[in-house]
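An overview of the molecular structure
If you want the building blocks of each chain, they are given just below.
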Amino acid sequence: QVQLVQSGGEVKNPGASVKVSCKASGYTFTSYGISWVRQAPGQGLEWMGWISAKNGNTKFPQKVQGRVTLTTDTSTSTAYMELRSLRSDDTAVYYCARVAAGSWDFDYWGQGTLVTVSS
Amino acid sequence: DIVMTQTPLPSPVTLGQPASISCRSSQSLVHSDGNTYLSWLQQRPGQPPRLLIYKISNRFSGVPDRFSGSGAGTDFTLKISRVEAEDVGVYYCMQATEFPTFGGGTKVEIK
């Protein structure tokens, strides 16, 4: 069965960076993309970007462009999201989601990773 | 960015009764390829989101048939024909015709 298992929670100081991992199993990793979505405490969902696991192409919303790097390691079927220059309003649960090629259906989600930014 | 607007349910829902959740987009969601990339997600308390419906009306694998989606253009609806206790949570519409954006969520509570 399809599973996305994310790394554990992180506590970071303002200005630091965080890297969250998302290990995929149960499907051919390079046949899909991975999107990242975050949810601030008690708030709604915000898309953070997408990466093709096939060729590494990426797309980002303007809001986070330049602060987010998405990568994949096809040898371990793992996707990574790095967020730099952390601010307190980056405190959120970060989710990875599988995205079917050409459809943008976020069909399977990871369990989420809480990133807390606090001094 | 396309803005997605959801309205709250007027009141808690009675078990076994229907519920209807509305979502409106700030512009048409019809993509140049002819598809409309409007999805519905369910988020139960303490859980990650789960895909229910994609491309307006297609139920995802394993989703009960009491969930259905409809609409076109800028107006979309998720219907639950008979609400069950496990349906408690927040429901989000999401568009991916342009860069993905989400509605603010509609909470389903049981009376």
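Residues numbered from 1 in each chain as written. Chains lettered and ligands numbered in written order. Predicted model: local features only at pLDDT ≥ 70, side-chain atom pairs only at ≥ 80, totals over all residues. Heavy atoms only, no water.

Looking only at helices and strands, chain B features zero helices and ten strands. The helix and strand sequence of chain B, counted from the amino end, reads β-β-β-β-β-β-β-β-β-β. In terms of overall dimensions, chain B is globule-like: its C-alpha atoms have a radius of gyration of 13 Å, near the 13 Å expected for 111 residues. In terms of principal-axis extent, the alpha carbons of chain B reach across some 40 × 25 × 25 Å. The buried share of chain B, taken over its 111 residues, is 43%. Counted over contacts in chain B with a minimum sequence separation of 6, partners at least 24 positions apart contribute 52%. (Helix = DSSP H or I, 4+ residues; strand = E, 2+ residues; numbered from the N terminus. Rg over C-alpha atoms; globule rule 2.2 N^0.38 Å. Buried < 20%, exposed > 50% of the residue type's maximum accessible area, 1.4 Å probe, protein only. Contact = heavy atoms within 4.5 Å.)

Across its full length, chain A holds zero helices and eleven strands. Sequence-ordered secondary structure for chain A, helices as α and strands as β, is β-β-β-β-β-β-β-β-β-β-β. Along the first, second and third principal axes, the C-alpha set of chain A runs to 40 × 25 × 25 Å. When the 119 residues of chain A are sorted by exposure, 48% land in the buried category. A sequence separation of at least 24 residues applies to 54% of the contacts in chain A between residues at least 6 apart. Carbon and sulfur atoms provide 45% of the accessible area of chain A, an area that totals close to 5,400 Å². (Areas by Shrake-Rupley, 256 points an atom, 1.4 Å probe, with all protein chains shown as cover.)

Once that is clear, we can look at the layout of surface pockets. Its volume calculated, the largest pocket comes out at about 440 Å³. Looking at the largest pocket, it is lined by 20 residues, and the ones nearest its centre are Leu45(A), Glu46(A), Trp47(A), Asp1(B) and Thr101(B). When residues of the lining of the largest pocket are traced back to their parent elements, those giving at least two are strand E5 (46–52) of chain A together with strand E9 (101–102) of chain B. Its residues placed into classes, the lining of the largest pocket shows eleven nonpolar, four polar and five charged. (1 Å grid on protein atoms, 1.4 Å probe; cavity = no way out; pocket = protein on both sides within 12 Å on 5 of 7 lines; lining within 4 Å. Points joined across faces, edges and corners; volume = space filled by probe spheres on them. Nonpolar A, V, L, I, M, F, W, Y, C, P; charged D, E, K, R; others polar.)

Here the focus is the sheet that holds strand E1 (residues 3–6) of chain A. All names here are of chain A. An order of E1-E3-E8-E7 is seen for the four strands of this open sheet, with the pairing classed as antiparallel. Either end of the sheet is taken by a strand with one partner, and the two such strands are E1 and strand E7 (68–73). Ignoring strand direction, the axes of neighbouring strands in this sheet form an average angle of 20 degrees. (Pairing = 2+ DSSP bridges. Axes fitted to C-alpha atoms, helices over the stretch in contact; angles between N-to-C directions.)

Looking now at the state of the cysteines. Chemically, a disulfide is nothing more than a covalent bond linking the sulfur atoms of two cysteines. Residues and elements named next belong to chain A. Across all of its chains, the model carries two disulfides over all chains by this definition. The disulfide partner of Cys22 is Cys96, and the S-S distance across this bridge is 2.1 Å. Between Cys22 and Cys96, the S-S torsion sits near 75 degrees, and that sign places the bridge as right-handed. Here Cys22, found in strand E3 (residues 18–25), pairs with Cys96, found in strand E9 (residues 92–100); they are 74 residues apart in sequence, far enough to count as distant. (Disulfide = S-S within 2.5 Å.)

Right, let's get into the sheet that holds strand E2 (residues 19–25) of chain B. Residues and elements named next belong to chain B. Read from one edge of the open sheet, four strands run E1-E2-E7-E6, paired in antiparallel fashion. Each edge of the sheet is formed by a strand with only one pairing partner; in this case those strands are strand E1 (4–6) and strand E6 (67–72). Mean inter-strand twist for the sheet, computed between neighbouring axes without regard to direction, equals 20 degrees. Pairing geometry for E1 and E2, over three bridges, is antiparallel.

So, on to the pairing of strand E7 (residues 75–80) of chain B. Residue and element names in this part refer to chain B. Pairing of E2 with E7, which is carried by six bridges, proceeds in the antiparallel orientation. Bridge assignment links Ala19 to a residue of E7, and that residue is Ile80. Bridging between E6 and E7 involves six bridges; their strand directions are antiparallel. Across the sheet, Gly69 pairs through a bridge with Leu78, a residue of E7. Between E6 and the antiparallel strand that follows it, E7, lie two residues; Gly73 among them carries a positive phi value of about 70 degrees.

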